[in-house]
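As a plain string of letters, each chain reads:
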Amino acid sequence: MAGEMKMKKMLIIIVAILLIFAVSYFYMHKTNKKIPDSADLVYKGGGNCMAVVKVLNVVGDSTVSWEDAIHKAVEEAAKSIDNISGIEVVNQTANVKNGKIVEYKANIQIAYRADKELG
């Protein structure tokens, strides 16, 4: 009987641990923080080398188009950031006057390698 009680306690502990992991997994994947699909969080060079990649939020604007706003944002960021590896367009908006778009805006996330290779 004592062995049966120990087995029940162990089973309860295992189920509790599994529930904690399941809730943690669900929470981590359902938060509003989004990492760009284009950002490799662990950059793999040759072999087992890895590097840290950071993500920067940038807003680009243009009077021509959303595409031009995106290009301008990347070009501006590239002036001060090396190793840009990718971008994700998060949102596109525009200012309108007299029924016409007068300014295009693009919110983007820029991923760039932040350190030297680890490993």
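These remarks concern the structure in this document. Within any chain, residue numbers begin from 1 and follow the written order of that chain's sequence. Under the rules for a predicted model, residues below a pLDDT of 70 receive no local features and side-chain atom pairs below 80 are neither given nor counted, while totals for whole chains, interfaces and linings still include all residues. Only heavy atoms go into the side-chain values, all of them from the structure, while hydrogens and water stay out.

**As for the overall build of the chain**
Here comes step 1: A tally of regular secondary structure across the chain gives two helices and four strands.
Here comes step 2: The numbering of helices and of strands both runs from the N terminus, where a helix is a DSSP run of H or I of at least 4 residues and a strand a run of E of at least 2. In the chain, the succession of helices and strands from N to C terminus is α-β-β-α-β-β.
Here comes step 3: Evaluated residue by residue, the chain yields a buried proportion of 18% over its 119 residues.
Here comes step 4: The contact definition used throughout considers only heavy atoms, calling two residues in contact when any of these lie within 4.5 Å. Taking the contacts inside the chain whose residues are at least 6 apart along the sequence as the reference set, 63% of them involve residues at least 24 apart.
Here comes step 5: Within the structure as shown, the chain displays about 9,400 Å² of accessible surface, and the carbon and sulfur contribution to it stands at 60%. The classification of residues rests on relative accessible area computed with a 1.4 Å probe and restricted to protein chains. Under 20% of the type maximum is buried, over 50% is exposed, and intermediate values are partly exposed. To be clear on the numbers: accessible area is Shrake-Rupley with a 1.4 Å probe, and residue cover counts the displayed protein chains and nothing else.

**Considerations on unusual backbone geometry**
Here comes step 1: The phi dihedral of Asn-83 falls on the positive side, at around 65 degrees, and the residue is not glycine.
Here comes step 2: Looking at the element boundaries, Asn-83 is found in the loop between helix H2 (66-78) and strand S3 (84-97).

**Overview of the side chain of Gln-109**
Here comes step 1: For Gln-109, the location among the structural elements is in strand S4 (residues 100-113).
Here comes step 2: Exposure remark for Gln-109: the relative accessible area of 12% places this residue in the buried category.

**So, the environment of Gly-86**
Here comes step 1: Here Gly-86 shows up in strand S3.
Here comes step 2: It is 9.4 Å that separates the C-alpha atoms of Gly-86 and Val-55, two residues lying 31 residues apart in sequence.

**Some words on the pattern of salt bridges**
Here comes step 1: Throughout this description, the term salt bridge denotes a Lys or Arg side-chain nitrogen within 4 Å of a carboxyl oxygen of Asp or Glu. Tallied over the entire structure, the rule returns three salt bridges.
Here comes step 2: As a salt-bridge pair, Lys-79 and Glu-76 come within 3.2 Å of each other at their nearest N and O atoms.
Here comes step 3: Lys-79 gets classed as exposed once you look at its relative accessible area, which sits at 68%.
Here comes step 4: On the accessibility criterion, Glu-76 (48% relative accessible area) is partly exposed.
Here comes step 5: The salt bridge partner of Glu-103 is Lys-105, with a shortest N-O separation of 4.0 Å.
Here comes step 6: Note on Glu-103: relative accessible area 21%, which makes it partly exposed.

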